[in-house]
Structures are given as C-alpha cells and as structure tokens.
Amino acid sequence: MAAVTLAEVIAALGGDLHGASESAAKTLLIERVGPLQAATPTTLSFLANPKYQSQLSSSLAACVIVAPALAELASSRGPAIVTPDPYLYFARLTQWWASRVRPLSPARIHPSAVIDPSAQVGQGVDIGALAVIEAHARIGDGARIGAHCAIGQGAEIGAGTRLSANVTVGFGCQIGERCIIHSGVVIGADGFGFASTGAAGGGRWEKIEQLGAVRIGDEVEIGANSCVDRGALDDTVLEEGVKIDNLVQIAHNVHIGRHTAIAGCTAIAGSTRIGAHCTIAGAANIVGHLTIADHVHVSAATLISRSIHKPGLYSGVFPFDDNASWEKNAATLRNLHALRQRVQSLEKALEQAQEKKNSS
Amino acid sequence: MAAVTLAEVIAALGGDLHGASESAAKTLLIERVGPLQAATPTTLSFLANPKYQSQLSSSLAACVIVAPALAELASSRGPAIVTPDPYLYFARLTQWWASRVRPLSPARIHPSAVIDPSAQVGQGVDIGALAVIEAHARIGDGARIGAHCAIGQGAEIGAGTRLSANVTVGFGCQIGERCIIHSGVVIGADGFGFASTGAAGGGRWEKIEQLGAVRIGDEVEIGANSCVDRGALDDTVLEEGVKIDNLVQIAHNVHIGRHTAIAGCTAIAGSTRIGAHCTIAGAANIVGHLTIADHVHVSAATLISRSIHKPGLYSGVFPFDDNASWEKNAATLRNLHALRQRVQSLEKALEQAQEKKNSS
Amino acid sequence: MAAVTLAEVIAALGGDLHGASESAAKTLLIERVGPLQAATPTTLSFLANPKYQSQLSSSLAACVIVAPALAELASSRGPAIVTPDPYLYFARLTQWWASRVRPLSPARIHPSAVIDPSAQVGQGVDIGALAVIEAHARIGDGARIGAHCAIGQGAEIGAGTRLSANVTVGFGCQIGERCIIHSGVVIGADGFGFASTGAAGGGRWEKIEQLGAVRIGDEVEIGANSCVDRGALDDTVLEEGVKIDNLVQIAHNVHIGRHTAIAGCTAIAGSTRIGAHCTIAGAANIVGHLTIADHVHVSAATLISRSIHKPGLYSGVFPFDDNASWEKNAATLRNLHALRQRVQSLEKALEQAQEKKNSS
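Computed from a predicted structure; not experimentally measured.

Conventions we followed
- The written sequence of each chain sets the order in which its residues are numbered from 1.
- Here chains are named by letter from A upward and ligands by number from 1 upward, in the order in which they appear as written.
- Note on the predicted model: pLDDT of at least 70 is required for a residue's local features to be given, and 80 or more for side-chain atom pairs to be given and counted; whole-chain, interface and lining totals, by contrast, use all residues.
- What counts as a helix is a DSSP run of H or I of at least four residues, what counts as a strand is a run of E of at least two, and both are numbered from the N terminus.
- Throughout, the radius of gyration refers to the C-alpha atoms, and the reference size of a globule is 2.2 Å times the residue count to the power 0.38.
- Each residue gets a C-beta atom placed from its backbone, and two residues are in contact if those atoms lie within 7 Å.
- Copy-to-copy alignment: least squares on C-alpha atoms, limited to residues at pLDDT 70 or above in both.
- The span you would expect from a helix comes to 1.5 Å times its residue count less one.
- Residues with at least 20 other C-beta atoms within 10 Å of their own are called buried, those with 12 or fewer are called exposed, and the rest are partly exposed. The C-beta atoms themselves are positioned from the backbone.
- Amino acid classes used here: Ala, Val, Leu, Ile, Met, Phe, Trp, Tyr, Cys and Pro are nonpolar; Asp, Glu, Lys and Arg are charged; the rest, including Gly, are polar.
- Strands qualify as paired when DSSP identifies two bridges or more between them.
- Axis lines are fitted to C-alpha atoms, over the contacting stretch for helices. Their N-to-C directions set the angle, which ranges from 0 to 180 degrees.
- Throughout this description, any angle smaller than 35 degrees is read as roughly parallel, any larger than 145 degrees as roughly antiparallel, any in the 65 to 115 degree range as roughly perpendicular, and the remainder as oblique.
- With the strands pointing away from the viewer, any crossover whose connection runs clockwise from the first strand over the helix to the second is right-handed.
- Boundaries of every domain are those given by an automatic assignment or by a domain database.
- Put simply, a nonpolar core is a cluster of buried Ala, Val, Leu, Ile, Met, Phe, Trp, Tyr and Cys residues tied together by C-beta atoms within 7 Å.

K.L.:
A description of the overall build of chain A should follow, citing residues and the corresponding values.
P.N.:
Across its full length, chain A holds seven helices and 39 strands. In terms of overall dimensions, chain A is more spread out than a globule: its C-alpha atoms have a radius of gyration of 28 Å, far above the 21 Å expected for 360 residues. Taking the principal axes of its C-alpha atoms as reference, chain A extends roughly 95 × 65 × 35 Å. Considering only residue pairs separated by 6 or more positions, chain A has 22% of its internal contacts joining residues 24 or more positions apart.

Structure below.
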C-alpha cells in the first residue's frame, strides 16, 4: 500500500482544493482511488456524472473530485478537488497512481528471448521471456515486448509501445509509438479473400494472397484477442489515437480515422472506411465497402449496412422482452408486410365508403 | 481401446441394472460411450430427452441409460441402467471414462519453463514446456499449467486448477481451485476505459489505468479465447461454478453470480452484475451498468439493454426469413411508427363514422 | 521491388493479350498488383465487377485484367489481359506474385523448439522458434509450424499445411493437407457441455468430458483467433476446402460441408450440420442441432434458429436508422401484436358496417 497525501495529489495533477485547508491536505492520507459508494476514509473518489450526486453526502471518501457546479455541495461534506472535467482528472489520477503503485520494472532483454541477429532493437527496450523477434524486425527505443510475443520478419514496433504477453505481429506490419497492445492480439493475419472457381471448378475457393500489411498510428490501444488483418493489395490502416476493445475484428483494407473508439466484439468488414472521432458500441457490425463519416456513433449490437454521411447516433436492434411477448411480436413481424397491406385495404375501404356516402 | 464391463460401470457410478442379469453385465463389454443412433454393440448410450425415445428400439447399443419412466421400454430392448437423471449420469460417466482413457500424465516441471525464483509452486504441480511464471506468482498444489502459459507477477492459481496451453493470466489476478481455463484465454487485460479530452483537447482519449484485478472462484471453466478484463478500480469477479464458453468478453468490473453459464461469443459490458444460476445463450450481449436477477435466462443473439429484476426467459431477435420476405418486412418496419399512426387514424375515422351514424 | 514484364505474367498465368503487341508486353514492366483507382503506370490491375467499369478510362494501370465483354473498352485504353473470369485470374496472380516477392524461407527446425522424441516429423518440415510438439504428434512432409505453436499429444498435421505463429492444436486432433491456420487459432478445446445437478444438487454444473476430437479436411483455411471445439462423443468435422475467417466459433460436433465459407465473428452452436458450398456472412449465428442444406447463404448478423432445407439467401436483421427513428419504430414494435389486433378489430368493424349497410 502506497499512501500519499492529498497535497501531493494536487501538486502532481492540479485542481482547486475546497472544503479543507492546505495544511490539512498535507496530512490527509490517500491510500486508494475508488468509487464514491465503496469509499473508505482514505479513498480519493470522484463525481463525474451529476446523476450520482446523491451518493455524495453518504460517501466516506477522504476527498471527492468534482466540477465547479458541485463545489459547494461537495465541500460542505469535506475536502474536494474542483476541476473543470472531473472524469478527465480522474483518468490522469489513475495514470499517476499506476506509475506509483506499479512502476515499470527496469528494462532488460530476457535471456530466453529468441532474437534474430538482423533485428534492430533500440535503447532501453524490454523483451520478455520467450519472445521471438524475427529477422529485420525493428523495435523502437523504450518499447516493451511481453513474454511469448512473436514479432514477424521486418515488422516495426514504435518507440515507447507496450505489447502485453502473447501478442502476434505479422511480417512487415508497423505499429506506431506509445501504443498499447494487449494479450492475444493478432496483427497482420491474412484478410479473408477468395475467388470462387465457380460450378465448373467444383465450387472451390482460390486463395487471394494478401499482399498488403497493417499500419497502426501512434497512441493506438488494442484490446485482448482482437484481430487486425493485413490488406489484400494496400494496407489496413488505424490512424493515431484509435482505441479498440477486446475481441474486435478489423478486416483487410479497413481504414479507421483518428481517435475513433470501438468497443468489444465489434466486427468491421473489409475495405470499410470509418471516420475520425467515431464511437462504435459493443457487438456492432459494419459491413464491407462502406464509408462512415466523422463523429458517427453506433449503438450496441447494431448492423450498419449502408454508408453514413451525417454525424449522429445510429441504432438498429430488436428490443428484448420476456420471451412470450417477444414471440408474439416476432410472429407478427414475420407478416408485417401483409399487415401493412391490410391497413392499406382498410384505408381504401374507408375512403370508398366515405366517397359513397358523400356521393349518395 | 480400453474396454470395461457393464458391471464395472455400475460399480463405479451406480444405477439399477434392468433387462439383463448381473452375471451377464459382468461379461458385457463396453468399448465406447456414444449417441443412440451411431451406437455399436459395444457402445454405452443414454436417452435423456424423451423425444428421442423412438431411436431406442433401433439402436444397437450394448446398454442404454434411461430414467425410471422409460425403464420398461428400454429393458424390453436389452440391458439398461435406470437412474433418476440420465443426463447427469452420462456426465459422470464421461468423467469416469476420460479418467480411464486419458489419465493425466505424472506431474513434472518441464525444464524449458521459465519460472521466477520468487514464484511459489505447490506440491504435485505440472508446468508445461515454455511456460512463463513471473515473480511472486503462486501456483497451488496439483495445478497444471499448460505449455506456453504466461502467469503474471503476483498472480495466483488455485489448487487443482488446469490451464490448457497458451493461457495468459495478468499480474495480480486470482483463479480459484479446480478451475479449467482453455487455450487462448486472457485474464486481466486492461478494461476499456478512457476519458475524452473533449473538442478543446482534440477529441483524444486519455487512458484510465485499470487499477483493479480479476478474481475467479472455484470450479469455474472458461472457454478458448475468452477474455476477462481487470477492473478499473475494484476487481472483476466470477463467482464459484461459473461456466463460460469460447470467445466470450467479460468487461471490467462485471460481477457474475455462482453457477451462471454463458455460451459462446457473448459480450458482457462493464460494471454489469449478473445473478446466480443464470444462463446466457450464445452471441447475446448485455450492456453495461445493469443488474440481472438470479435465474434469468437470455436467448441467443439477444441484446439486453435494461436491468432485469424478475427470473424468466428474455428474447429479442429479428426472426430470419428468406431474403425477399425479410426485405419486405424490414422495409415496412422502417416505417412502423407511421403504420401505427395510420391505424390510429383509421380507428378515429371509424369511430367518427360510428358516432355520426348513431347521432343521425 | 521485384519487377516483371507483362509477358512474364501471361506466360505464367495465361490469358489473351489485347491492346498491345507481344513485343510491347516483353518490355512493359509490372511492379505491383493493385486496384484500378490507385494504380500507377507499373500496376497490373483488374476489373471483375462491371459496376466499376467507369474507373477504367481514368486508371493509370499498366494493364487491366478484364472479361471478354469488356475487352474492347479495356483495350481502347491500353494493354489488357482478357480472361473468362478476371477475379479468379487475379486470385492466381496474387498467388504467383506472393511466391515471387515473399518466397518461403528454407525449411529448418529451430533449435529452440521443444519436440518430444516420440513425435514424427516428416521431410522438409519447418518448425519455428519455441514451438512445442508433444508426444506422438505427427507432422506431415513440408508442413510449416510457426513460432510458439503448441501441437498436442497425438495430433496430426497434414503435408504442406502451414500454421502461423501461436496456433494451438489439442491432443488427438487432425488437420488435413495444404491447410492454412492463422495465429491464435485454438483447435480442440473442450466443447461447452454440462449437466445440471438441478436444484437438489445446488444448481451446479457437472462437466461432460469431451471425448471426441476435431477432424479437418484438406485445403481448409481458418482465420486468426477462431476456435474449433472437440466433440462430446464423436468428432467435430470440417470437410475439405472449408474457409473460416477470424474470431469464428465452431462448437462441438458441428459438421461443415466442403467448400463452405464462414465470415468473421460468426458462431455455429453445437451439433449443427451445415451443407456444402454455403456462405455465412459475418457475425451470423446458427443455433445448435440444426441442419442447413447445401448452397444456403446467410446474411450478416442474422440468427438462424431453424433448419433450412432449401438453397437460397436468408436474412433477419433489424434495419438500422438514426437513433430517434429507430426508437420510435422499436417502441411500436414492442406492441406490434396489439397493433395487429387493432387492425383485426378495424377489419371486423368495417365488415360489420358493410353487412349492416347491405342488410339495411
């Protein structure tokens, strides 16, 4: 347990102290960062969403990070750090906290790693046990390659990038600087491309060799067991700042604009181009060869089947219900087109009746 | 091939012998366990679902495991084991059979494994080739760590737990006793948490370091390539007896109650709390920050978008159809709200017509 | 950069040269294969889909591969290769190109690989760094096993099959000849099978040991991080020529017919039997114990919940819309059954009104 004082937090991260004196902050111990409800008297907590402000009064937290609008309420309870964006402050707090409680071990190249003599390894690189670095690969300064990683021939890992244990980077693929790639990620497997031989050829699939690679910008994060396939002819591209969650599939020749975030279990099919600053919720799917504008937001489990040219939130999911209700609605849905025709018939019948009456 | 006699099966697993004498059971050879339809005269089969009872008479099986209600029918055909729950009997039979035909190899620590000197390895532990056990990790008695596994710093693997080849357990994560973790599983990757810097900050995402870990109870099974992320502040928790299939995503701070089973390709988003004894069918999705009661059952491919407080079966999926029919219904669905308004207009028109008639 | 002449391409792959003389083809340099739009004067391009033929005239490509119907148009622009199926020609071109620009390294067994002395390794086999080959496994002639692969006890890898880095093949599983298995694939993890102990047994799940294995035919390709589970009693089977994309789940005892192709993030539940020459689009799901006929095509994100006995295209997905429109339609959908009853009431009311009028 690494305790700090509240004063040390403010010295490192800024913010205005309310509800306590500066000298009190120098002796107020913070032992953990945590949510309001489960806070102990040594917890530094935060309130980013005003809808949780009722939790404030009952929280035992040592101090709460709040926005100016809540400064008075929070400081009436006790110490508060007031900052324009409490959630962003909290994010930086977690980074500062992590650097203190789990500092990086000194970089070293584990003797069991298998590194081809032609690979170029920068200054201050950490290479984990049993990692494999193939011929002509390049590892930038300060990069950290986890245990069991496999870096293919001629692949490039940018400076300061961290690969967790067991990441696979295919030959010729490039990862930018300060990226974080989690365990089980596969970058640069073949895209899924085949030409049918047709009935005459027995309906076999002839492989289209995937001649492109993958290019990933700086400060990209990719979650566990996600895949980014190499391009068929050109490269698959993730621009800087893209954030990808676990078990996401990025097919060949997809292009994802900067600072777009994609949640878990989403699939982006081949050659689709997604703009910058988009958010794609979990288990969404985007079919191939589409163009999605900047600032588009897709709801969970939605299938995007056409290009989207306007920013906004897009959704498409069958609302769940208890099974009996769903079954009744689903059965009706299977004949929805007929229902519409029945409504049309009714409208016509009523119109005719009206006309008859008027003409009679 | 390891043949046993029917008498040996009954001695090991119980059940009442019908349709054959005890002395006959001592000479009736069983060479495999298998389904009714493909059974050979040395197959031990079972009938758990009465709807398949028509397969009984034509089956060549040496013996059939049945419930009391089918004892007469089954024994008229030949030898039968009668037991209250044939499917449960069958499960235990497969366990007994597996222990005979593929006994565990004697535990040994493969010389190629890389084990930090500070790691604590219990009695009778098996560690596969090229596994990596990092500093201060603890491996309980009788645990089996497959080839290429990576056990992070300070992680704990409970007694009798088995990890298949190529499992990644992140630093500080805990797995209970007698668990089974399949290949490609990643436990303790970072949860997907970012704070936006907002337009002023260029719309970048600031990482929220994930300060929690993962705690997994006893007798949990996790299928191939599934992911359980570490918590943001608190831990992600799987209680005892939870069973998770392949390619399932469990996000940060999810809590899954005991004996809940989750089928393949399902995603559970962050901070959702699922009760005990639930079953979640394949490819279902549950959004974040929800509470799901005990004994809730979710149908395949259903998106759960609100908390569920009552046990029961919940569904929500567009019924599939031939493409032309689906297209017609989907097109109508896109204007469903307008259709409802047309029905409302018709109702009003009819009502007015009625009123007019009554008043005339 | 490996330049070839157009004449060399035609000599290797056939096709009729139009729009240029044979002697011109001997000096026309091709430096890359690429799409029409981004083509440079040394790019060999192709036009498979007539809807892109407007791109033809403006393309800078050195030569374009076209079907006979477009021979005149293409050759009016410049050199063209005319062939009955340009896409198939293009596929073979990528294969020929890949064999030139990235020839396989000479086969060698990396000294760091851990190979059990009882394993049988064929002629000309390549085994990557830190691969593990367990007891009695058999590796066919010319197979290539990537770095960090784990081949379980008694597993068989057919001649000429290539495993990328970090593939896991479970004990006793068989992979045919000339297959391609990408990184992170897990073949032969346990199927998801449990019997409930019922309320009396505390609602625990009793494991059904999975006694089957996986059998994969020749020329099968499986994408990154996909899973094929071992069968419960019999084997899970993929017939020859099956192509599977990334992050696909194939549950226990599934049987997939030859030359069926399955796109990314699809899940096939247990014991389902899929015919030959089917295509399953991305993120589709097929529930368990179904039979799908040959030549069935399933649209993206569709849940197949019943057997399909007729070839054709099947779909079922909620059409996406801007969120406000979707919400209105979804709200109406939740009462669709009631809407249908209202239409029924209207029909009755109108009928009665009509009858009354007729009888009056």
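So that's the structure; there's more coming.
K.L.:
Requested: an account of the relation of the copies chain B and chain A, with residues and values cited.
P.N.:
Each of the two chain copies goes to the other by way of a rotation about an axis and a shift along it. Least-squares fitting of chain B to chain A yields an RMSD of 0.1 Å, with the superposition described by an axial translation of 0.0 Å and a rotation of 120°. Given the turn and translation reported, the copies of this chain are related as if by a three-fold rotation axis. Among all residues of chain B, the minimum C-alpha distance to the rotation axis is found for B:Phe318, at 3.5 Å.

K.L.:
Residue-level account of helix α5 (residues 86-101) of chain B, with values.
P.N.:
Its 16 residues place the ends of α5(B) 22 Å apart at the C-alpha level, agreeing with the 22 Å of an ideal helix rising 1.5 Å per residue. Within α5(B), the full set of buried residues consists of B:Pro86, B:Leu88, B:Tyr89, B:Phe90, B:Ala91, B:Arg92, B:Leu93, B:Thr94 and B:Trp97. Summarising the contacts, the buried residues of α5(B) are in contact with α1 (6-13), β4 (32-33), β5 (43-46) and β6 (63-66) of chain B together with β21 (194-196) and β22 (205-207) of chain C.

K.L.:
Could you give an account of the interface of chain B and chain A, naming the residues involved and the relevant values?
P.N.:
It is common to give the size of an interface as the accessible area lost on bringing the parts into contact. Contact with chain B, which involves 59 residues of that partner, is made by 61 residues of chain A. Looking at the side of chain B that touches chain A, the elements that each hand over two or more residues are β20 (186-190), β21 (194-196), β22 (205-207), β25 (227-230), β37 (303-304), β38 (312-315), α6 (323-333) and α7 (336-359) of chain B. Tallying contributions element by element places α7(B) first for the side of chain B that touches chain A, with six residues. Class assignment for the residues of the side of chain B that touches chain A results in 32 nonpolar, 17 polar and 10 charged.

K.L.:
So, the interface of chain C and chain B: which residues are in play, and what are the values?
P.N.:
On the chain B side, the residues contacting the 58 residues of chain C number 61 residues. The set of elements that each furnish at least two residues to the side of chain C that touches chain B consists of β20 (186-190), β21, β22, β25 (227-230), β37 (303-304), β38 (312-315), α6 (323-333) and α7 (336-359) of chain C. When residues in the side of chain C that touches chain B are grouped by element, the largest group, five residues, is from α7(C). Among the residues making up the side of chain C that touches chain B, the classes are represented as 31 nonpolar, 17 polar and 10 charged. For strand β39 (residues 321-322) of chain B and β38(C), the ladder comprises two bridges, and the chain directions are antiparallel. Paired with B:Asp322 across the strands is C:Tyr314, a residue of β38(C).

K.L.:
Go over the packing of helix α7 (residues 336-359) of chain A against α6(B), please, and point to the residues and values.
P.N.:
Running from amino to carboxyl end, α7(A) crosses α6(B) at an angle of 55°, the nearest separation of the two axes being 7 Å. One finds that α7(A) runs oblique with respect to α6(B). Of the residues in α6(B), those touching α7(A) at A:Leu336, A:His337 and A:Arg340 are B:Lys328, B:Asn329, B:Thr332 and B:Leu333. Classifying every residue of the contact of α7(A) with α6(B) gives two nonpolar, three polar and two charged.

K.L.:
Quick one: what's the story with the environment of A:Trp96, residue by residue and with numbers?
P.N.:
Residue and element names in this part refer to chain A. Looking at where tryptophan 96 falls in the secondary structure, it is placed in helix α5 (residues 86-101). For tryptophan 96, a count of 17 C-beta atoms within 10 Å translates into the label partly exposed. Sequence separation between tryptophan 96 and alanine 61 is 35 residues; the distance between their C-alpha atoms is 19 Å. Excluding anything up to four places from it in sequence, tryptophan 96 contacts Ala12 and Leu13.

K.L.:
Give a detailed account of the pairing of strand β6 (residues 63-66) of chain A, specifying residues and quantitative values.
P.N.:
Residue and element names in this part refer to chain A. Side chains Cys63 and Ile65 of β6 all project onto a buried face; the interleaved residues Val64 and Val66 project onto the opposite face, where all are buried too. By the bridge criterion, three bridges tie β6 to strand β7 (residues 80-82) in an arrangement that is parallel. Pairing of valine 66 across the sheet is with valine 82, part of β7. You can see the chain leave β6, run along helix α4 (residues 71-77) and come back into β7, and the turn it takes is right-handed.

K.L.:
Quick one: what's the story with the sheet that holds strand β34 (residues 285-286) of chain C, residue by residue and with numbers?
P.N.:
All names here are of chain C. The 10 strands are arranged β8-β11-β14-β17-β20-β25-β28-β31-β34-β37 in an open sheet whose pairing can be described as parallel. Sheet topology places β8 (114-115) and β37 at the edges, where each strand pairs with a single neighbour. Bridge analysis of strand β11 (residues 132-133) against strand β14 (residues 150-151) gives two bridges, and the strand direction is parallel. The residue bridging isoleucine 133 from the neighbouring strand is isoleucine 151, located in β14.

K.L.:
Could you give an account of the sheet that holds strand β32 (residues 273-274) of chain B, with specific residues and numbers?
P.N.:
Residues and elements named next belong to chain B. Strand order in the open sheet made by the nine strands is β9-β12-β15-β18-β23-β26-β29-β32-β35, with parallel pairing throughout. The open sheet is flanked by β9 (120-121) and β35 (291-292), the only strands paired with a single partner. Pairing of β32 with β35 involves two bridges; the strand directions are parallel. Within β35, the residue paired with arginine 273 across the bridge is threonine 291.

K.L.:
Lay out the domain arrangement of chain A in plain terms, naming residues and giving numbers.
P.N.:
Assigned domains of chain A: these are domain 1 (4-101), domain 2 (114-314) and domain 3 (323-359). Centre-to-centre separation of domain 1 of chain A and domain 2 of chain A, based on C-alpha positions: 37 Å.

K.L.:
Explain unusual backbone geometry residue by residue, including any values.
P.N.:
Negative phi values dominate among residues other than glycine, just as trans dominates among peptide bonds. For A:Asn225, which is not glycine, the phi torsion reads 60° and is therefore positive. You can see A:Asn225 is positioned in the loop between β24 (221-222) and β25 (227-230). Of note in the backbone geometry, C:Arg178 takes a positive phi value of approximately 55° without being a glycine. By secondary structure assignment, the location of C:Arg178 is in the loop between β18 (174-175) and β19 (180-181).

K.L.:
Could you give me a rundown of the nonpolar core, with the residues and numbers involved?
P.N.:
Ranked by internal contacts, the top residues of the largest apolar core, which has 257 residues, are A:Ile151, B:Ile151 and C:Ile151. What B:Ile151 contacts, discounting residues up to four positions off in sequence, is B:Val132, B:Ile133, B:Glu134, B:Ala137, B:Ile145, B:Ile157 and B:Val169.

K.L.:
If you had to explain the pairing of β38(B) to someone new, which residues and values would you point to?
P.N.:
As judged from the three bridges shared by strand β36 (residues 296-298) of chain B and β38(B), these two strands associate in the parallel manner. Residue pairing for β38(B): B:Val296 is matched across the bridge by B:Gly312.

K.L.:
Talk me through the environment of A:Phe318; I want residue IDs and the actual numbers.
P.N.:
Relative to the elements of secondary structure, A:Phe318 occurs in the loop between β38 (312-315) and β39 (321-322). By the C-beta count within 10 Å, which is 26 here, A:Phe318 ends up buried. Those residues within four positions of A:Phe318 in sequence are excluded, and the remaining contacts are B:Gly316, B:Val317, B:Phe318 and C:Phe318.

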